[in-house]
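Architecture at a glance
For reference, the chains in residue letters:
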Amino acid sequence: MTTSAWRRGVAGVALTALTVAGAVTGCSADDGPESGAGGGTYTLWDPYPQFAGGSDWEKLLQSCGSSAGVSVRRTGYDTTDLTNKALLAAQQGNSPDVLIIDNPVISTLAQAGALTSADETKLDTSASAPNLLGAGQLDGKAYGVPIGANTLALWYNKDLLGKAGVDVASIRDWPSLTAALAKVKGAGKKGITFSAIGTEEGSFQFLPWFWGSGAQLTALDSPQAVSALTLWKDWLTRGYAPNSVINNTQTTSWQEFAAGDFAFTENGTWQRANAEKLDFEYGIIPVPASAGGTAPAPTGGEFVSIPVQRDTGRYDVSTKLVTCLTNPDNLLTTDTTLSYVAPVAAVQQKQVAADPELKVWVDAVNAAKGRTGDNLGTKYPKISEQLWTAVQGALSGSKSPQAALSAAQHAAAAATR
């Protein structure tokens, strides 16, 4: 995907570096909200620096401000920079009034006492899909409202599969997918490419297979988890997937697919614009679970949250701004602009009616789950680091899948104790 898309996407935050480093530039007093409750100017930070003044996004923000009787001063940051600035601003007591931030960061900010809960500010979260809302919950409380989501699925080359004699409708589980890859290799082509790089991006791509086996992040070395990593390892051993996956990002794996020699790639909604440039016909199917059905893939996307303020009288207007940004009419426009699936069922239906090709993505998002879900919160980055380390160890051949995941579970248990 493009750099800007990855910033918006799914695994876009450097989850292992959520503490504020000394080298991070501090927020000045001008970055925080202006004093006084009611009227005046309210500040909003978002991870969409690609949208300049005059864009539809900027117009929507100003429209919501006008409806609330205030003006909105918006600043767009790179995702990682925004995370660090949000943490530092909370420490200094000059957080923005409204913060739009990648969903895995919510639990970190909430645990740090930087965000208000939806209960405190009376934000209505009832329309949001529970699996998407879960990414922004900690100890049963929601700390914002999802603005949109993306996730992963399998893109496939229709021409290549046809020549290999593969009926994509026959792919319903891991055995049938592996059988399809064998046919593709037998036809002299390449099977599947994905990203297994030793970063959060690699964990993000492995999670559909991990969860699709029935494994849980609290038990990295379960038999189900071992079966998922064995699947990937066997694909490399048999030549169904290239050794390049060990270093592939989602961008480079897409480039391999776009060259036309691979039958499949695991990638996300954000590639839809790039897909229109392909020299072959493509299709999309959900990542299959081990025994059939759709595997839960991790959710990407942002939450609109209200940071803690010294002046609690500002929360009423902040709530109006968040409500405006996430109401169904505005969500349809916003999520179309961001290439997101809406977090609200009624808006999803409108998206599919306008673009039937979104149906597979809506289904995938509805089966997805948050990486910090199951109340893992800030434990997730520590677990994820051990997971991608295990994947790297097994695919490189330095350890067996069982040994790699046993070591990962031991390290993760120690780190989250």
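In this text the structure is predicted, and so the values were computed from the model without any measurement. Here the residue numbers are simple positions, counted from 1 along each chain's written sequence. Only residues with pLDDT of at least 70 get local features here, since the model is predicted, and only at 80 or more are side-chain atom pairs given and counted; chain-wide, interface and lining totals rely on the full set of residues. Based on all heavy atoms of the structure, the side-chain values leave hydrogens and waters out of the count.

Describing the overall build of the chain
Each helix corresponds to a stretch of at least 4 residues labelled H or I by DSSP, and each strand to a stretch of at least 2 residues labelled E; elements are numbered beginning at the N terminus. In terms of helices and strands, the chain carries 18 helices and 11 strands. For a compact globule the rule gives 2.2 Å times the number of residues to the power 0.38, and the radius of gyration it is set against comes from C-alpha atoms. Computed over C-alpha atoms, the radius of gyration of the chain comes to 22 Å, within 12% of the 22 Å expected from 2.2 N^0.38 for 417 residues, which places it in the range of a compact globule. Reported as C-alpha extents along the three principal axes, the dimensions of the chain are approximately 70 × 50 × 35 Å. Sequence-distant contacts in the chain: of pairs separated by 6 or more residues, those separated by 24 or more amount to 77%. Where accessible areas are quoted, they stem from the Shrake-Rupley method and a 1.4 Å probe; at the residue level, only the protein chains shown are allowed to cover. For the chain, the exposed area adds up to about 15,600 Å²; of that, 50% sits on carbon and sulfur atoms. His is not counted, nor are the chain ends, whereas Lys and Arg count as positive and Asp and Glu as negative. Think of each charge as sitting on NZ of Lys, CZ of Arg, CG of Asp or CD of Glu. With 30 positive and 37 negative side-chain charges, the chain shows a spacing of 4 Å between the two charge centroids. For this analysis, residues touch if any pair of their heavy atoms sits within 4.5 Å.

Describing the packing of helix H8 (residues 174-186) against helix H10 (residues 223-237)
As a packed pair, H8 and H10 sit with axes 12 Å apart at the nearest point and diverge in direction by 5°. The orientation of H8 relative to H10 falls into the category roughly parallel. Taking contact as the criterion, the partners of Trp174, Leu177, Thr178 and Leu181 in H8 are, on H10, Ser227, Ala228, Leu231 and Trp235. Broken down by class, the residue content of the contact of H8 with H10 amounts to 6 nonpolar, 2 polar and no charged. Fitting a line to C-alpha atoms yields each axis, with helices limited to the stretch in contact; the angle taken between N-to-C directions then spans 0 to 180 degrees. Should an angle fall under 35 degrees it is called roughly parallel, over 145 degrees roughly antiparallel, and 65 to 115 degrees roughly perpendicular, with every other angle called oblique. Any residue outside Ala, Val, Leu, Ile, Met, Phe, Trp, Tyr, Cys, Pro, Asp, Glu, Lys and Arg is labelled polar, Gly included; the first ten of those are nonpolar and the last four are charged.

Focus on helix H9 (residues 200-212)
End to end, H9 covers 18 Å across 13 residues, agreeing with the expected 18 Å (1.5 Å per residue, within 8%). Think of it this way: the bend at a residue is just the angle between two axes, each fitted to seven residues, one set ending at that residue and the other starting at it. Along H9, the sharpest kink reaches roughly 40°, centred on Phe206 and followed within four residues by the proline Pro208. Accessible area is worked out with a 1.4 Å probe on protein chains only. A residue is then buried under 20% of its type maximum, exposed over 50%, and partly exposed in between. For H9, the tally of buried residues reaches 13 of 13 residues, placing the bulk of the element in the interior. By definition here, a helix of n residues has an expected span of 1.5 Å times n minus one.

Looking at the sheet that holds strand E2 (residues 71-76)
Read from one edge to the other, the open sheet built from 5 strands follows the order E2-E1-E3-E11-E6, with strand pairing classed as mixed. Two strands bound the open sheet, and with one partner strand each, they are E2 and strand E6 (145-146). Any two strands with at least two DSSP-identified bridges between them are counted as paired. Across 4 bridges, the pairing between strand E3 (residues 98-102) and strand E11 (residues 302-305) is antiparallel. Paired with Leu99 across the bridge in E11 is Ser305. In the packing of helix H2 (residues 56-68) onto the sheet, contacts are made with strand E1 (41-46), E2 and E3, and the angle to E2 comes to roughly 150°.

A few points about the sheet that holds strand E8 (residues 190-193)
Ordered by their spatial adjacency, 4 strands build an open sheet running E8-E9-E7-E10, and the pairing between neighbours is mixed. Both edges of this open sheet fall to E8 and strand E10 (282-285), since each of them pairs with a single strand only. On average, adjacent strands in this sheet sit at an angle of 20° to one another, irrespective of strand direction. With 3 bridges joining them, E8 and strand E9 (residues 262-268) adopt parallel strand pairing.

Side note on helix H3 (residues 79-92)
Each α-helix winds once per 3.6 residues, and so residues spaced three or four apart point in a common direction. Here H3 contains 14 residues, and its C-alpha end-to-end distance of 20 Å stays within 8% of the 20 Å for a straight helix at 1.5 Å per residue. Positive backbone phi, at 75°, marks Gly93, one or two positions downstream of H3.

Some points on the environment of Leu217
Looking at where Leu217 falls in the secondary structure, it is placed in the loop between H9 and H10. Owing to a relative accessible area of 7%, Leu217 belongs among the buried residues under this scheme. Residues Leu217 and Asp311, spaced 94 residues apart in sequence, show a C-alpha to C-alpha distance of 39 Å. In this structure Leu217 touches Leu207, Phe210, Trp211, Arg371, Leu376, Tyr380, Ile383 and Leu387, once residues within four positions along its chain are discounted.

With respect to the packing of H9 against H10
Packing of H9 against H10 brings their axes to within 8 Å, and their N-to-C directions diverge by 120°. In this view, H9 runs oblique relative to H10, as classed from their interaxial angle. Where H9 crosses over H10, the handedness of that crossing is right-handed. Contact with H9, carried on its side by Gln205, Phe206, Trp209 and Phe210, involves Ala225, Ala228, Leu229, Leu231, Trp232 and Trp235 of H10 and no other residues of that element. In terms of residue class, the contact of H9 with H10 is built from 9 nonpolar, 1 polar and no charged. Each crossing gets its handedness from the near helix: less than a right angle anticlockwise from the far helix is left-handed, clockwise is right-handed.

Focus: the packing of aromatic side chains
Under the pairing criterion, centres of Phe, Tyr and Trp rings, with the six-membered ring standing for Trp, must be within 6.5 Å; the plane angle then separates stacked pairs below 30 degrees from edge-to-face pairs above 60, leaving the rest tilted. Per the stated rule, a full pass over the model turns up 16 aromatic pairs. Considering the side-chain rings of Tyr48 and Trp57, the 5.4 Å spacing of their centres and the 85° angle between planes classify their relative orientation as edge-to-face. Residues Trp174 and Trp209 carry aromatic rings whose centres are separated by 6.3 Å and whose planes lie at 45° to one another, so their mutual orientation is tilted. With Trp174 in helix H8 and Trp209 in helix H9, the pair connects residues that are 35 residues apart, well separated along the chain.

Topic: the side chain of Glu200
Tracing the backbone shows Glu200 in helix H9. Each polar contact in these results corresponds to two N or O atoms within 3.5 Å; when the atoms are within protein, one needs to be able to donate a hydrogen and the other to accept it, and residues that are neighboring in sequence are counted only if both atoms are side-chain atoms. Among the polar contacts listed, one links the side chain of Glu200 to the side chain of Tyr380, at a separation of 2.8 Å.

With respect to the pattern of salt bridges
Whenever Lys or Arg places a side-chain nitrogen within 4 Å of a carboxyl oxygen from Asp or Glu, that contact is recorded as a salt bridge. If you walk through the whole model with that rule in mind, you get 9 salt bridges. As a salt-bridge pair, Asp46 and Arg74 come within 2.7 Å of each other at their nearest N and O atoms. In this pair, Asp46 sits in strand E1 while Arg74 sits in strand E2, placing the two residues 28 residues apart along the sequence. Since its relative accessible area comes to 0%, Asp46 is described here as buried. Notably, a salt bridge pairs Arg371 with Glu200, separated by 3.1 Å at the nearest N-O pair. With Arg371 in the loop between helix H16 (359-367) and helix H17 (380-396) and Glu200 in helix H9, the pair connects residues that are 171 residues apart, well separated along the chain.

Brief notes about the pairing of E9
Among the 7 residues of E9, 7 are classified as buried, and the element is accordingly described as predominantly covered. Both strand E7 (residues 152-157) and E9 contribute to a ladder of 5 bridges, which runs antiparallel. Each residue of the ladder has a partner; that of Tyr156, found in E9, is Phe264.

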